[in-house]
There are 4 protein chains.
Amino acid sequence: MSTQRLHVGIIGAGRIGKVHAESLAFRVPESRIVAIADVNREAAQAVAARCGIATVAESSEEILANPGIEAVLICSSTNTHADLIVQAAQAGKHIFCEKPIAHNLGQIDRALAAVEAAGVKLQIGFNRRFDANFARVRQAVVSGEIGSPRMLHIISRDPGPPPLAYIRVSGGMFMDMTIHDFDMARFLIGDEVEEIYTAGGVMVDPEIGLAGDLDTALIVLRFRNGVIGTIDNSRQAAYGYDQRVEILGSEGKIATENCYPNEAVISTGKMVRKDLPLNFFMDRYTESFASELRSFVAAVREDQPTAVTGIDGRIPVVMGLAARKSYDEQRPVRLEEVNG
Amino acid sequence: MSTQRLHVGIIGAGRIGKVHAESLAFRVPESRIVAIADVNREAAQAVAARCGIATVAESSEEILANPGIEAVLICSSTNTHADLIVQAAQAGKHIFCEKPIAHNLGQIDRALAAVEAAGVKLQIGFNRRFDANFARVRQAVVSGEIGSPRMLHIISRDPGPPPLAYIRVSGGMFMDMTIHDFDMARFLIGDEVEEIYTAGGVMVDPEIGLAGDLDTALIVLRFRNGVIGTIDNSRQAAYGYDQRVEILGSEGKIATENCYPNEAVISTGKMVRKDLPLNFFMDRYTESFASELRSFVAAVREDQPTAVTGIDGRIPVVMGLAARKSYDEQRPVRLEEVNG
Amino acid sequence: MSTQRLHVGIIGAGRIGKVHAESLAFRVPESRIVAIADVNREAAQAVAARCGIATVAESSEEILANPGIEAVLICSSTNTHADLIVQAAQAGKHIFCEKPIAHNLGQIDRALAAVEAAGVKLQIGFNRRFDANFARVRQAVVSGEIGSPRMLHIISRDPGPPPLAYIRVSGGMFMDMTIHDFDMARFLIGDEVEEIYTAGGVMVDPEIGLAGDLDTALIVLRFRNGVIGTIDNSRQAAYGYDQRVEILGSEGKIATENCYPNEAVISTGKMVRKDLPLNFFMDRYTESFASELRSFVAAVREDQPTAVTGIDGRIPVVMGLAARKSYDEQRPVRLEEVNG
Amino acid sequence: MSTQRLHVGIIGAGRIGKVHAESLAFRVPESRIVAIADVNREAAQAVAARCGIATVAESSEEILANPGIEAVLICSSTNTHADLIVQAAQAGKHIFCEKPIAHNLGQIDRALAAVEAAGVKLQIGFNRRFDANFARVRQAVVSGEIGSPRMLHIISRDPGPPPLAYIRVSGGMFMDMTIHDFDMARFLIGDEVEEIYTAGGVMVDPEIGLAGDLDTALIVLRFRNGVIGTIDNSRQAAYGYDQRVEILGSEGKIATENCYPNEAVISTGKMVRKDLPLNFFMDRYTESFASELRSFVAAVREDQPTAVTGIDGRIPVVMGLAARKSYDEQRPVRLEEVNG
């Protein structure tokens, strides 16, 4: 292992770029952030000041041209990911890229080919794999604690929908939100889905429907190994962020509950109650964001495969395309139908 | 209301007949069991002795011919239900009949027509509606505590499969086991399902598959009002009887847990644990069996509609036919396709 | 074992007499209630009608003189218990007596001597030993699941105080309410207490203090075997009936939770909540009332020792006297100081 | 508020010194660690390397003499605390000092007088006040959610006893372990204790008794406002670190549960189980260590009173003396008896 800190550049200083900068600066001592860039220079400056980053670069190009940078975090908007991966790979940088790589398989394949050709490492930001709850579920499957998996249920509901302006460019709920759950399904079961059936609707806000998207969905997954899974998605849960999974196996089941800001239970003359669960991903998945970067930094420094590879970034996009096709055509769709 | 006890005859002294006899004898003082009959006379005699029933009748005919009997409980095997309903209706008896009425819609329609013609009351034995947990969920929907329902999940798993000999005559998992969940779905949401999609498999025992049945299923329900529901069925849960529901509404969610024999939690050097849930329906639904009979007896004595009508007995059979057709044809099936 | 039902007479048709009559009539088929008596004849008649009891006796004397009665349930007011035990023993009846036997050790000793002399069986109505939760805790101690007990905590809080008129004749909170917890402490640990320290106060209603009683207490128990225990008593818990225990042992702990009318959890935009626990002993301990009578009937029919003996009825009274003396003198009191 | 980071020196690089250094370095950006010292210079060097601290000082004197240091963290052994507080106060440094200040009230009073004379700020390291669970309980008391407090229970059990060598110099369990609970009792109720009764024993290891200490205790607290509290302490809980509180108030109760590494529940053919709670204070109270330092840094920068004052450091020592005296003399002891 290298005894030196990994020198990192960050492209994108928005919400997730800031989260990653803070994780690297304060919680991953094996790394050092050399520079950060954002199309909004003030945003980059604010993060740099907060995290003690010496250089605010003028552009992503400046980051990629910096010979002192070994790895980049691509935290810019989705439509720039594929091109940036290609450029970063050609510049010989190791790459951590936020999900999704792109909404288009052609772009993804081009990006993965560039990574392959350059021989750099690529990790996709499916942070939930690093969450203590989901990691524990995966461990139960791997260890055989619950026998062979038979049924999987993923509940994944947001506290409220994003702005319509965002929804219009998001690629749709399947690409934007469910993509995490598609990854989770593959991760937990350790096998591939071959068919998807979607029952969905517009129940939260008719404007979302007018924008061509849906806001509520029940997605049935059929895995190659026979496991049947469901994903329950809603853009709105009145009580906050709802993130649970359950697996039934031949020898038992494992189920996770939501995470709460405290464990206090209050009993009054009217009810027994507790405070609402942690409201959104920033609070719920705080630790996992730091863990995924620790994992990436370690993979680069130790020259090991990354924990979430390029193909792990591609397959959920295929699943999203299949889910949408099933929703449109109201029939089960095999992944091979959309995996052009 | 009548001030006199309702005089009841019981046809069938098997497992469920015995449960109902005990409920009436010891927990429904507004009723009196006049006679009981079973093709196995010893079984009838044992129940009569246990419950203080004066007469062991020679046959169902003797029960139906007894002018001192106002109402009958039909607890015999499923294939006799429809004919017995017809005969009991023609004899002017009020009828409580175990589910399902029949596996065949023609037989059901004939039975319901006889009930209609005779003007007697009919209640179907969907006891789970009277379970405190599910009744509480229904109350939350009716009262608006969780707003308008959007998604429904029913988990219904047995501790282990019945004998193959039983499975072969059971009408299949959808008729035998899921039928309760079809009723629960209608009851909880208070609306009708119009389309069903089934993803199922044989995961517990290949012999079940060879017998033409399945043992594991995920059934997607689309209600007329837009609600999307799922039923998760397994013939085998290693940890026992698993009976839960969850509804997501516009203003919140309600979810029920399993019931346990005690509330003790033991923490040792290895784990934090509790005993297994109540193992099967006799323990889990004890109270609901008494409650459904109290409800039936009250409906007859007070001349009110029964809580679970003939049509409530018919529709789940239609749903079972649709679920099977979907399984066979691997596509969503509308109920009108099978509702001949 | 006798193959015949045990013939029982009931003395007292108040709240607890009615509970026991219903348990015997509907849930203990090995018994038959021959007669019931109460100073309020209408109360006895109502229970007789409800439970199908043939005879409403004029007096307890008539019950005791009835040669067809093998056992009596003494459910009359506490001040009559000791005399009735003496009379019943002299009449050769087996005895189930509600707690406490008396508030005065002399009366108790006279009653127990009469039982001893007559060679009849006596069981005291400490029903909570038969509760599934507490029985499970006792089992954990006996089986060694948690190793050797070190600390015991009993929480026992009523939803609200009884009327002042009742409190004035109740013998005080320790005799009326804590007496169940004193029994529970001995039962769970399986050893005797030798010293008690009470920290108490009047926090619920100053009138209770003016009546010479207290309404809130923390009682520290020191067992002979070194275990330290506490009893937390309150005459008022805003959220209802609170009945929990916890034991820390050398190898772990066991703790019980309250019992609820349903297992539904509701999450809304404000909180995560469930309904209040079962409100009072009639609901919380329903099953245990039937179980204690089954146990008594079985002990008589099979000529076995009863599960809760006369000495089990005496010792909690000694503990109550010590707790009170400690409260009055504000120092730890050894049981031998009050065990005259 | 100062716009500049608070310049801090750390005295002591042992277990807790390292925790605080990491908190300041990575989680309190408003501070900067200028120097660290430890009698074990290698320990100081290791922490300095880990946390990017520029200077490893030769001694605490060097830290205190450094004009660039505004505040010091005293993390050395307990016997040095009082003297270091005096010296730091005389050097004009603001002080964060680990608990306890000293085992001797004379030393404490001398230290507090020096702080008073110098006009510097002092915060004592009772980190648990900053734990999300306990803070929530305090909030419930302050807000009136549960009405007026009546009873308080604190459960505080360690996974296992420290080495005997440590126990011999620890000041005893009350000074070393219970001191946190004494502070918690005052914090949660917001009032002072006036009398303490201790029932304790040696149940974990007889060697602890031979060393003059105890390992298991039940401590009863009587507050001036009438509240009755208990502290349950054990040096050994087989299942790990047990840290819970419960308050009964006139309008309800609030109770906290332990914290777990994950929320997964596993059901198998034998039991329903989850993993053990977070094992010890480093994991259980991670966040509170950072929060208390954020609070200290903010108090200094904003010139506000600290959240845990010198008198908050003194009173728990008085309570510890009273608890010990009660244990020795087996009677309730008023705090004024030991508050020399």
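Anyway, here's the lowdown on the structure attached to this text. (Residues numbered from 1 in each chain as written. Chains lettered and ligands numbered in written order. Predicted model: local features only at pLDDT ≥ 70, side-chain atom pairs only at ≥ 80, totals over all residues.)

## Description of the interface of chain A and chain C
The condition that has to hold: For every residue pair, C-beta atoms are placed from the backbone, and the pair is scored as a contact if these atoms sit within 7 Å. A run of H or I in DSSP becomes a helix once it reaches four residues, and a run of E becomes a strand once it reaches two; helices and strands are each numbered from the N terminus. Under the scheme applied, nonpolar residues are Ala, Val, Leu, Ile, Met, Phe, Trp, Tyr, Cys and Pro; charged residues are Asp, Glu, Lys and Arg; polar residues are all the others, including Gly. Pairing between strands requires that DSSP locate at least two bridges from one strand to the other.
Listed as interface residues are 11 residues of chain A and, on the opposing side, 11 residues of chain C. Sorting the residues of the side of chain A that touches chain C by element identifies β13 (264–268) and β14 (272–274) of chain A as the ones contributing at least two each. No other element matches β14(A), which puts 3 residues into the side of chain A that touches chain C. Residue composition of the side of chain A that touches chain C, grouped by class: 5 nonpolar, 3 polar and 3 charged. Two elements, β14(A) and strand β14 (residues 272–274) of chain C, share 3 bridges in a ladder whose sense is antiparallel. Paired with Lys274(A) across the bridge in β14(C) is Val272(C).

## Focus: the pairing of strand β12 (residues 252–256) of chain B
Residue and element names in this part refer to chain B. The condition that has to hold: Residues with at least 20 other C-beta atoms within 10 Å of their own are called buried, those with 12 or fewer are called exposed, and the rest are partly exposed. The C-beta atoms themselves are positioned from the backbone.
With 4 of its 5 residues buried, β12 lies for the most part within the structure. As paired elements, strand β11 (residues 242–249) and β12 share 4 bridges and run antiparallel to each other. In the strand pairing of β12, glycine 249 is matched with glycine 252.

## Concerning the sheet that holds strand β2 (residues 31–37) of chain D
Hydrogen bonding along the main chain pairs the strands of a sheet, whether they run parallel or antiparallel. Residues and elements named next belong to chain D. Formally: Lines are fitted to the C-alpha atoms to define the axes, a helix being fitted only along its stretch in contact, and any angle between axes, read from their N-to-C directions, falls within 0 to 180 degrees.
Read across the sheet, 6 strands follow the order β3-β2-β1-β4-β5-β6 without closing on themselves; strand pairing throughout is parallel. Edge positions in the sheet fall to β3 (55–56) and β6 (122–124), since each has one partner strand and no second. When strand β1 (residues 6–11) meets β2, the two strands line up parallel, connected through 6 bridges. Within β2, the position partnered with glycine 9 by the bridge is alanine 35. With respect to the sheet, helix α2 (residues 41–51) is in contact with β2 and β3, its orientation differing from that of β2 by roughly 160°. Sheet strands touched by helix α4 (residues 78–90): β1, β4 (71–74) and β5 (94–97). Its angle to β5, the strand with the most contacts, is close to 165°.

## Here we look at the relation of the copies chain A and chain C
Put simply, the rule reads: When the copies are overlaid, the least-squares fit takes in C-alpha atoms only where the residue has pLDDT of at least 70 in both copies.
Once chain A is rotated about the relating axis by 180° and shifted along it by 0.0 Å, it coincides with chain C to within an RMSD of 0.0 Å. What we have between these two chains is a two-fold relation. Rotation axis and chain A: the residue whose C-alpha lies nearest the axis is Arg273(A), separated from it by 2.0 Å. Of the interface residues in chain A, 100% have counterparts in chain C that sit at the interface too, so the contact is made through matching surfaces.

## Description of the pairing of β2(D)
All names here are of chain D. Definition in use: Orient the strands so they point away from the viewer, and a crossover whose first-strand-to-second-strand path over the helix runs clockwise is right-handed.
For β2, the tally of buried residues reaches 6 of 7 residues, placing the bulk of the element in the interior. Of the strand pairs in this sheet, β2 and β3 are connected by 2 bridges, and their pairing is parallel. From the neighbouring strand, alanine 35 faces β3, where its bridge partner is threonine 55. Of the crossover connections in this fold, the one passing from β2 over α2 to the parallel β3 is right-handed.

## With respect to the interface of chain D and chain A
Contacts between the two partners involve 28 residues from chain D, matched on the other side by 28 residues from chain A. Among the secondary structure elements, those contributing two or more residues to the side of chain D that touches chain A are α1 (15–27), α6 (132–143), β12 (252–256) and β13 (264–268) of chain D. Its residues assigned to classes, the side of chain D that touches chain A shows 13 nonpolar, 7 polar and 8 charged. In the sheet, β13(A) pairs with β12(D) via 5 bridges, with the strands oriented antiparallel. Looking at the pairing, Ile266(A) lines up with Ile254(D) of β12(D).

## Looking at the packing of helix α5 (residues 105–118) of chain C against helix α12 (residues 310–329) of chain C
All names here are of chain C. Condition: Angles are sorted into four bins: roughly parallel if under 35 degrees, roughly antiparallel if over 145, roughly perpendicular if 65 to 115, and oblique for all others.
Relative to each other, α5 and α12 sit at 175°, their axes nearing to 10 Å. With respect to α12, the element α5 is oriented roughly antiparallel. Residues Leu105, Ile108, Leu112 and Val115 of α5 lie in contact with α12, whose contacting residues are Gly310, Arg314, Val317 and Val318. Taken together, the residues that form the contact of α5 with α12 break down as 6 nonpolar, 1 polar and 1 charged.

## A short note on helix α11 (residues 286–302) of chain A
Residue and element names in this part refer to chain A. Put simply, the rule reads: In a helix, the anticipated span is given by 1.5 Å times the number of residues less one.
Taking 1.5 Å of rise per residue, the 17 residues of α11 would be expected to cover 24 Å, and the 25 Å separating its terminal C-alpha atoms lies within 8% of that figure. All buried positions along α11 are accounted for by Ser288, Phe289, Ala290, Ser291, Glu292, Leu293, Ser295, Phe296, Val297 and Val300. Close packing links the buried residues of α11 with β1 (6–11), α1 (15–27), β2 (31–37), β4 (71–74), β5 (94–97) and β6 (122–124). Positive phi shows up at aspartate 303, right after α11, with a value of about 55°.

## A word on the relation of the copies chain D and chain A
Once chain D is rotated about the relating axis by 180° and shifted along it by 0.0 Å, it coincides with chain A to within an RMSD of 0.0 Å. When the interface residues of chain D are mapped onto chain A, 100% of them are again interface residues, pointing to one common binding face.

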